[in-house]
Amino acid sequence: MTELVGGIVTLFRLLGCLEITADEGEDAPARPSAPPKVRQLLVYLLLRANQVVLTDDLIEELWGERPPRSAMATLQTYMCHLRKDLGRTWGDGVRIETQPAGYRLHLAPDAIDVHRFRSLVEQAERVSRAGRHESALALLDQALTLWRGPALADVTRGPLLDAYAVHLEEERLRAQELRFDAAFALGLHRDQIAPLRALVRMHPLNEWLHGRLIEALVHTHRRGEALAAYHSLEEILDREMGVPPSEDVRQLQRQMLKVG
């Protein structure tokens, strides 16, 4: 559900390039044209929405460990510009409040796609635990559709936003894993082979994904491909880490050999 602020549709998109919708509908998101550091500041405040963000953290994010002497004054200038831009579009619906040690960005959490994504994943986990796998699958599809590319794709990132971006990608992968669990529980193994192959290429050291790919191939009677997928994992782990596959994956291989 899109949050309405003063009758205006408000949505900040961070799961991909930074986009902002502020019109009568969500069909025309705009990429803000603010200077890179102002965009960086906005994104950091959005990710910490409704929390006090320390001034020291903002300075570290914008300038690293060696900020210029003018850092505090420049930050205040950036914040002034950001306040004016936000106030011009949303009035008091989206506002930055000065705190003794920093700043707080006030807005409805549902207006940020990151919060929507997390809410949908949490709902999916609850219904999945209740055995409602079709509902879980639908919720996870909604959550993953919010992603339009790598998190914070076109935003200049300092150390703190870098850490956020990594964490967001981990959350995305976790949601994809939950989706495979739900699909497998519904017997939809065949449809998962192509997306599993794609993710295995992106995360070659992720044994869980390899194991799920092998399982999907076994369930669809593609034993030769399943064995090839196992040997591929075995070679990757030996080459990159000098370790064999986990016991769970080796058990899958033993089962395949028995069938043969």
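Just above sits the structure.
Residues numbered from 1 in each chain as written. Predicted model: local features only at pLDDT ≥ 70, side-chain atom pairs only at ≥ 80, totals over all residues. Heavy atoms only, no water.

(A) Up close: the packing of aromatic side chains. Scanning the model with the defined rule gives 3 aromatic pairs in all. Aromatic side chains Trp63 and Tyr78 sit 6.3 Å apart centroid to centroid with 15° between the ring planes, which places their arrangement in the stacked category. With Trp63 in helix H2 (residues 55–63) and Tyr78 in helix H3 (residues 71–90), this residue pair connects regions lying 15 residues apart in the sequence. Between the aromatic rings of Phe117 and Trp147, the centroid separation amounts to 5.7 Å while the plane-to-plane angle is 80°, which identifies the pairing as edge-to-face. Of this pair, Phe117 sits in helix H4 (residues 113–129) while Trp147 sits in the loop between helix H5 (133–145) and helix H6 (159–185), and the two are 30 residues apart along the sequence. (Phe/Tyr/Trp six-rings, centres within 6.5 Å; stacked < 30°, edge-to-face > 60°. Helix = DSSP H or I, 4+ residues; strand = E, 2+ residues; numbered from the N terminus.)

(B) Up close: the environment of Gln123. Here Gln123 lies in helix H4. In the structure, Gln123 is positioned 93 residues away from Ala216 in sequence and 26 Å away in space, judged by C-alpha atoms.

(C) Quick look at the nonpolar core. If you look at the biggest cluster of nonpolar residues, it comprises 56 residues, and the most contacted ones within it are Leu14, Leu45, Leu58, Leu75, Leu107 and Leu152. Contributing elements (two or more residues each) for this core: helix H1 (36–47), H2, H3, strand E6 (102–106), H4, H5 and H6. Sequence-distant contacts of Leu45, defined by excluding residues within four places in its chain, comprise Val53, Leu58, Met79, Leu82, Ile96 and Leu105. Phe180, Leu199, Leu209 and Leu252 belong to the second-largest nonpolar core, a separate cluster that totals 21 residues. (Core = buried A, V, L, I, M, F, W, Y, C linked by side-chain atoms within 4.5 Å. Buried < 20%, exposed > 50% of the residue type's maximum accessible area, 1.4 Å probe, protein only. Contact = heavy atoms within 4.5 Å.)

(D) Focus on the pairing of E6. With respect to burial, E6 is a largely interior element, 4 of its 5 residues being buried. The pairing of strand E4 (residues 52–54) with E6 spans 3 bridges and is antiparallel. Paired with Val52 across the strands is Arg104, a residue of E6. Inspection of the sheet shows strand E5 (residues 95–99) paired to E6 by 5 bridges, in the antiparallel sense. From the neighbouring strand, Gln99 faces E6, where its bridge partner is Gly102. What sits between E5 and E6 in their antiparallel hairpin is a turn of 2 residues. (Pairing = 2+ DSSP bridges.)

(E) Quick look at the side chain of Gln176. Counting through the fold element by element, Gln176 comes out in helix H6. Given the relative accessible area of 18%, Gln176 is considered buried.

(F) Main features of a nonpolar patch on the surface. Together, Leu205, Met241 and Val243 make up a nonpolar patch on the protein surface, roughly 260 Å² of accessible area in all. With respect to the secondary-structure elements, Met241 resides in the loop between helix H9 (223–240) and helix H10 (247–259). (Patch = residues over 30% accessible without salt bridge, like charges linked within 9 Å, V, L, I, M, F, W, Y side chains within 5 Å. Areas by Shrake-Rupley, 256 points an atom, 1.4 Å probe, with all protein chains shown as cover. Salt bridge = Lys/Arg side-chain N within 4 Å of Asp/Glu carboxyl O.)

Bear in mind that shape data such as this cannot, by itself, settle questions of function.
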